[in-house]
Amino acid sequence: DAVPTEAELVRTFGSAYQAKDWPAAIAAGSALSKLRPTDATIHYNLACVYALAEKPKLALAQLEASATHGFTNDALMQQDTDLASVRALDGFAAIVKRVTGNRVAARAEFEKKADKVKPLIITPPGFNHGLPAPVIVALHGFGGNADDFAGLYRAVAKERKALLVVPRTVH
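Residues numbered from 1 in each chain as written. Predicted model: local features only at pLDDT ≥ 70, side-chain atom pairs only at ≥ 80, totals over all residues. Heavy atoms only, no water.

### Considerations on helix α1 (residues 6-18)
Residue pairs three or four apart in sequence face the same way in an α-helix, which turns once every 3.6 residues.
Move 1: Taking 1.5 Å per residue as the helical rise, α1 with its 13 residues ought to reach 18 Å, and the 18 Å between its terminal C-alpha atoms agrees with that figure.
Move 2: When we look at burial in α1, the residues that qualify are Leu9, Phe13 and Ala16. Down the axis of α1, the sector holding all buried residues measures 75°, keeping them to one side. Exposed residues lying more than 90 degrees from the buried face of α1 are Arg11 and Gln18.
Move 3: Contacts made by the buried residues of α1 are with α2 (22-35) and α3 (40-52). (Helix = DSSP H or I, 4+ residues; strand = E, 2+ residues; numbered from the N terminus. Expected span 1.5 Å × (residues − 1). Buried < 20%, exposed > 50% of the residue type's maximum accessible area, 1.4 Å probe, protein only. Arc of directions from axis to C-beta. Contact = heavy atoms within 4.5 Å.)

In structure tokens:
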């Protein structure tokens, strides 16, 4: 038998989940977690299926793996109806706390990087900062940079008396 591709496993997981075929969803989710062992979302989704299949210890283990690999959506964990059966179990609150920590750390890391990367903003000649004005936001592709890309739009922005905003990438 041919080994299913990642895309096929994702489709199988989704179909099995929709059909409430928990054994098939668990099999597909487990195979996905072996292909992408550090994917926090795969572990989270597998935890949901284990919870729905009434396998609470396995659900908590997958939630723990999800937290370990950086899952950040603590609000979803607390509201997701798929996890209703495991919310009151010992360990769930500690996992949510870890996920909250992940979210806070990810946000702090983003803000640290974003503070260093201000967008390139070009104002047209005679621009009046007190009046509304059109804005052109130009997004460069992978490998590009704001300074080079702005040159493509400067004339258009000047002609239209528009602000030109070119975000810089956060690495």
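After presenting the structure, the write-up continues.
### Notes on helix α4 (residues 56-68)
Move 1: With 13 residues, α4 ought to run about 18 Å at 1.5 Å a step, and its terminal C-alpha atoms sit 18 Å apart, in line with that.
Move 2: By the burial criterion, the buried members of α4 are Ala59, Leu60, Gln62, Leu63, Ala65, Ser66 and Ala67.
Move 3: Turning to α4, the residues buried within the fold contact α3, α5 (74-79) and α6 (92-116).
Move 4: Of the residues trailing α4, Gly70 is marked for its positive phi of about 100°.

### Description of the environment of Ala162
Move 1: Mapped onto the fold, Ala162 is located in the loop between α7 (146-159) and β3 (163-166).
Move 2: Sequence separation of Ala162 and Ile136 is 26 residues, and the distance between their C-alpha atoms is 6.6 Å.

### With respect to the packing of aromatic side chains
Move 1: Under the counting rule described, the total for this entry stands at 2 aromatic pairs.
Move 2: Between Tyr44 and Phe71, the ring centres sit 4.6 Å apart and the planes meet at 10°, which makes this aromatic pair stacked. Pair noted here: Tyr44 is in helix α3 and Phe71 is in the loop between α4 and α5, with a separation of 27 residues, a long-range link. Like Tyr44, the residue Phe71 is buried in the burial classification. (Phe/Tyr/Trp six-rings, centres within 6.5 Å; stacked < 30°, edge-to-face > 60°.)

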